[in-house]
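Chain residues, written in single-letter form:
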Amino acid sequence: MIASTVWVKKNMNIESDSASQVEIIYEDEFLVAINKEAGLLVHRSWLDKGETRFALQLTRDAVGCHVFPVHRLDRPTSGVLLFAKSADVARTLTEAFTTRQVTKQYLAVVRGFMPEQGFVDHALSFQPDAIADKFANVDKPAQEAVTHWQRLAQIELPFAVSKKHNTSRYSLMRLMPVTGRKHQLRRHMKHLFHPIVGDTSHGDGRHNRFFRTQYDCTRMLLHAHSLALSHPVTGEPLLLKAGLDEQWRHIIETFAWTASITD
């Protein structure tokens, strides 16, 4: 476990120009971490040639130096995204992620009532993107994938989203991936028949539409809440936390779940 010592900086918004903004949650001479907004790509991608805003470029412009990504977040996922300020530090951090020396915790809202705690050990096959993985080996064997979970809260609503039930149930989950496979949390929740609300690729369209119309929630409810690791240069414990955006807070407050995520 990471010791209790925490290095943090006060959250700040730094504008690189009048139209672009990024929230920096930690920065020192070696690292910078941001709270990535939902819908923001980490870097330029052939998957969306028309996009002009990217987390890497926004962070680079905000801190005034080149930055190197050391892990990834799906485009619809918000939360802690860490960059290194040099190639050497990037290699050290990448190795830490690869060898599972980084503790990751996510918040998610899923369909149904999940058990209080547990884990899923379900290997995931390679799912290539049509463009980004055009030349990848699509015959890769399924890779080990493990996710632990803890239920933080649940609610039953008097709405018949499904024709099979007169009410609808949802759970607020803390998800802790041990491995880092592509779309791991989204695919694991689908495998357990508790898809993440708002997930248009692996979720339930009926519940996604319900949250859009009833709660004006247009995003996937998956948020990288914290990263805990040893600082790659000093070795000191480092805990990085990212706050929730307006749509997340609206759901949390509407469902009276605020006390469940104070830690």
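Procedures and definitions
Residues numbered from 1 in each chain as written. Predicted model: local features only at pLDDT ≥ 70, side-chain atom pairs only at ≥ 80, totals over all residues. Heavy atoms only, no water. Buried < 20%, exposed > 50% of the residue type's maximum accessible area, 1.4 Å probe, protein only. Helix = DSSP H or I, 4+ residues; strand = E, 2+ residues; numbered from the N terminus. Pairing = 2+ DSSP bridges. Contact = heavy atoms within 4.5 Å. Salt bridge = Lys/Arg side-chain N within 4 Å of Asp/Glu carboxyl O. pLDDT = per-residue confidence, 0-100. Core = buried A, V, L, I, M, F, W, Y, C linked by side-chain atoms within 4.5 Å. Phe/Tyr/Trp six-rings, centres within 6.5 Å; stacked < 30°, edge-to-face > 60°.

### Some thoughts on the pairing of strand β9 (residues 168-177)
Among the ten residues that make up β9, eight are buried, leaving the element largely enclosed by the rest of the structure. By the bridge criterion, six bridges tie strand β6 (residues 103-111) to β9 in an arrangement that is antiparallel. Among the inter-strand pairings, Tyr106 is bridged to a residue of β9, identified as Leu175.

### A short note on helix α3 (residues 184-191)
Counting buried positions over the eight residues of α3 gives six, a clear majority of the element. Residues of α3 that are buried include every one of Gln184, Leu185, Arg186, Arg187, His188 and Met189, and no others. Packed against the buried residues of α3 are β6, β7 (117-121), β8 (146-157), β9 and β10 (222-230). Phi turns positive one or two residues past the end of α3, at Phe193, with a value near 65 degrees.

### Focus: the pattern of salt bridges
Enumeration according to the criterion identifies ten salt bridges in this entry. Ionic pairing is found between Arg60 and Asp61, a salt bridge with its closest N-O pair at 3.2 Å. Asp61 sits in the partly exposed class, given a relative accessible area of 41%. When the shortest N-O distance is used, the salt bridge between Arg186 and Asp74 registers 3.1 Å. On the criterion of sequence distance, the pair formed by Arg186 in helix α3 and Asp74 in the loop between β4 (68-69) and β5 (78-84) is long-range, its members being 112 residues apart.

### Remarks on the confidence of the model for the protein
This prediction gives the protein a mean pLDDT of 88; 84% of its residues lie at or above 70. Within the model, the stretch residues 1-19 combines pLDDT values under 50 with 44 contacts to residues more than four positions away or in other chains.

### Focus on the nonpolar core
Ranked by internal contacts, the top residues of the largest apolar core, which has 29 residues, are Phe83, Leu175 and Leu222. Elements with a minimum of two residues in this core: β2 (20-27), β3 (31-36), α1 (55-63), β5, β6, β9, α3 and β10. Ranked by the residues each element gives to this core, the list is headed by α1, at five residues.

### Looking at the packing of aromatic side chains
Evaluation of the coordinates by the stated rule reveals nine aromatic pairs. The interplanar angle of 5 degrees and the centroid separation of 6.4 Å between the aromatic rings of Tyr170 and Phe210 together place this pair among those described as stacked. Of this pair, Tyr170 sits in strand β9 while Phe210 sits in helix α4 (residues 205-215), and the two are 40 residues apart along the sequence. When sorted by exposure, Tyr170 lands in the same class as Phe210, which is buried. Here the aromatic rings of Phe210 and Tyr215 are separated by 5.6 Å at their centres, their planes lie at 85 degrees, and the arrangement is edge-to-face. The two residues Phe210 and Tyr215 agree in class, both being buried. Following the ring pairs from residue to residue traces out a cluster consisting of Phe159, Tyr170, Phe210, Phe211, Tyr215, Phe255 and Trp257.

### Regarding the pairing of strand β11 (residues 237-241)
Direction of pairing for β10 relative to β11: antiparallel, over a ladder of five bridges. Paired with Ser226 across the bridge in β11 is Lys241. Where β10 folds back onto β11 in an antiparallel hairpin, the turn is made up of six residues, including Gly235, whose phi is positive at roughly 80 degrees.

### Concerning unusual backbone geometry
Even without glycine at this site, Arg100 takes up a positive phi of about 65 degrees. Structurally, Arg100 can be placed in the loop between α2 (87-98) and β6. The backbone phi angle of Phe193 is positive, close to 65 degrees, even though this residue is not glycine. Relative to the elements of secondary structure, Phe193 occurs in the loop between α3 and α4.

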